[in-house]
Amino acid sequence: MRASDKAYSKLFHEIVDGDLAPGTVLAEVEQSTRLGVSRTPLREALSRLIADGLVESAPGRGVVVTEISLENITELYEVREALEEQAARLAAQRRDPKVFIKIAEQFADADRLIESGEEGVRHYYELNEMFDEAVDVAVNNTYLVSALQNSRVHLSRIRRIAKGNPARLHESAIETLLIIEAIIDGDAALAAHATHVHLHKSLTNIRASVKGHLKSVDVA
């Protein structure tokens, strides 16, 4: 692995996992020493993270981990709505039904997973990742998939701030299963509409969960 790739991978996961909190200053000398790379590959890694939207240049501070606010959560969901509704439409039109039938069968066990504790919830999120990957394959559009994957990175950061809500997870599982069933049936309109409803409820829940933990912005 190239030094810049090593630095990028390490910083990427530390930011997404919350080990490097929003607002953390990534000083070149400190980070190059900590990561065991010279400053040139570190700068390359930071440039990639800026492109990802995970860090930014702050006047007088250098490069910092981007903040998460209620405002940019709303902005992220505006993007998710456009991307995921279109992805659902295309997946319904281009899918291999057998792939999504298998995923639907596993989602039938979602309630038990959610109720079985932290490990079960982790497996539930893995099911969601499996569904996302199946959609990515089905849409068969490199540009759309790239945009979807970037939005999921930022969603992962937000989920680590939002409080766990088992009731919402149960609702989410039902909503996701409806999307999957619409894709299996090849119903593009229903798949997109079900995705729209799912994202609306998800945003409402996340905004309520993180309010008071993030910077204050207009949440009307």
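Residues numbered from 1 in each chain as written. Predicted model: local features only at pLDDT ≥ 70, side-chain atom pairs only at ≥ 80, totals over all residues. Heavy atoms only, no water.

Quick notes on the overall build of the chain
Consideration 1: Tallying secondary structure elements over the chain gives 10 helices and two strands in all.
Consideration 2: Counting from the amino terminus, the chain carries its helices and strands in the arrangement α-α-α-β-β-α-α-α-α-α-α-α.
Consideration 3: Relative to its length of 220 residues, the chain is compact, with a C-alpha radius of gyration of 19 Å against a globular reference of 17 Å.
Consideration 4: In terms of overall dimensions, the chain has a C-alpha envelope of 55 × 40 × 35 Å along the principal axes.
Consideration 5: Buried positions account for 45% of the 220 residues belonging to the chain.
Consideration 6: In the chain, 75% of the contacts between residues at least 6 apart in sequence involve partners at least 24 apart. (Helix = DSSP H or I, 4+ residues; strand = E, 2+ residues; numbered from the N terminus. Rg over C-alpha atoms; globule rule 2.2 N^0.38 Å. Buried < 20%, exposed > 50% of the residue type's maximum accessible area, 1.4 Å probe, protein only. Contact = heavy atoms within 4.5 Å.)

Structural notes on the pairing of strand β1 (residues 55-58)
The side chains of a regular strand alternate between both faces of the sheet.
Consideration 1: Both β1 and strand β2 (residues 62-65) contribute to a ladder of four bridges, which runs antiparallel. Following the sheet pairing, S57 is matched in β2 by V63.
Consideration 2: If you look at the hairpin formed by β1 and β2, you'll find three residues sitting between the two strands, and G60 has a positive phi there, around 80 degrees. (Pairing = 2+ DSSP bridges.)

Considering the confidence of the model for the chain
Consideration 1: Model confidence for the chain is summarised by a mean pLDDT of 91, while 95% of its residues fall at 70 or above.
Consideration 2: Within the chain, no element has a lower average pLDDT than helix α8 (residues 142-161), which sits at 91, and none a higher one than helix α5 (residues 97-107), at 97.
Consideration 3: Ignoring residues within four places in sequence, the model shows residues 216-220, a span with pLDDT below 50, making six contacts including any to other chains. (pLDDT = per-residue confidence, 0-100.)

Concerning unusual backbone geometry
Consideration 1: The residue N140 is not glycine, and still its phi comes out positive at about 55 degrees.
Consideration 2: Inspection of the secondary structure assignment puts N140 in the loop between α7 (118-139) and α8.

Here's the deal with a negative patch on the surface
Consideration 1: Taken together, the side chains of E71, E75, E78 and E81 present a region of like negative charge at the surface.
Consideration 2: Among the structural elements, E75 can be located in helix α4 (residues 70-94). (Patch = residues over 30% accessible without salt bridge, like charges linked within 9 Å, V, L, I, M, F, W, Y side chains within 5 Å. Areas by Shrake-Rupley, 256 points an atom, 1.4 Å probe, with all protein chains shown as cover. Salt bridge = Lys/Arg side-chain N within 4 Å of Asp/Glu carboxyl O. Lys, Arg positive; Asp, Glu negative; His and termini not counted. Charge placed at Lys NZ, Arg CZ, Asp CG, Glu CD.)

Observations regarding the pattern of salt bridges
Two side chains that carry opposite charge are able to pair once their charged atoms sit near each other.
Consideration 1: Per the counting criterion, the structure on display carries 17 salt bridges.
Consideration 2: Among the ionic pairs, E14 bridges to R34, the shortest N-O distance being 2.8 Å. One end of the pair, E14, is in helix α1 (residues 3-16); the other, R34, is in helix α2 (residues 28-35), and 20 residues separate them in sequence.
Consideration 3: Given a relative accessible area of 9%, E14 falls into the buried group.
Consideration 4: When the shortest N-O distance is used, the salt bridge between E28 and R39 registers 3.1 Å. Taken as a pair, E28 in helix α2 and R39 in helix α3 (residues 39-52) lie far apart in primary sequence, 11 residues in all.
Consideration 5: Its relative accessible area of 23% is what places E28 among the partly exposed residues.
Consideration 6: Put simply, R168, E171, E175 and K201 are held in one network by salt bridges that share partners.

A short note on α5
Consideration 1: Turning to α5, its buried residues are F100, I103, A104 and F107. Projected down its long axis, α5 carries its buried residues within an arc of 105 degrees, all on one side. Facing away from the buried surface of α5 by more than 90 degrees, the exposed residues are K98, K102 and E105.
Consideration 2: Looking at the buried residues of α5, the elements they touch are α6 (110-115), α7 and α9 (166-185). (Arc of directions from axis to C-beta.)

So, the nonpolar core
Consideration 1: Ranked by size, the top nonpolar core spans 34 residues in total, and within it F100, F131 and I183 carry the most contacts.
Consideration 2: In terms of residue count, the dominant contributor to this core is α7 (eight residues). (Core = buried A, V, L, I, M, F, W, Y, C linked by side-chain atoms within 4.5 Å.)

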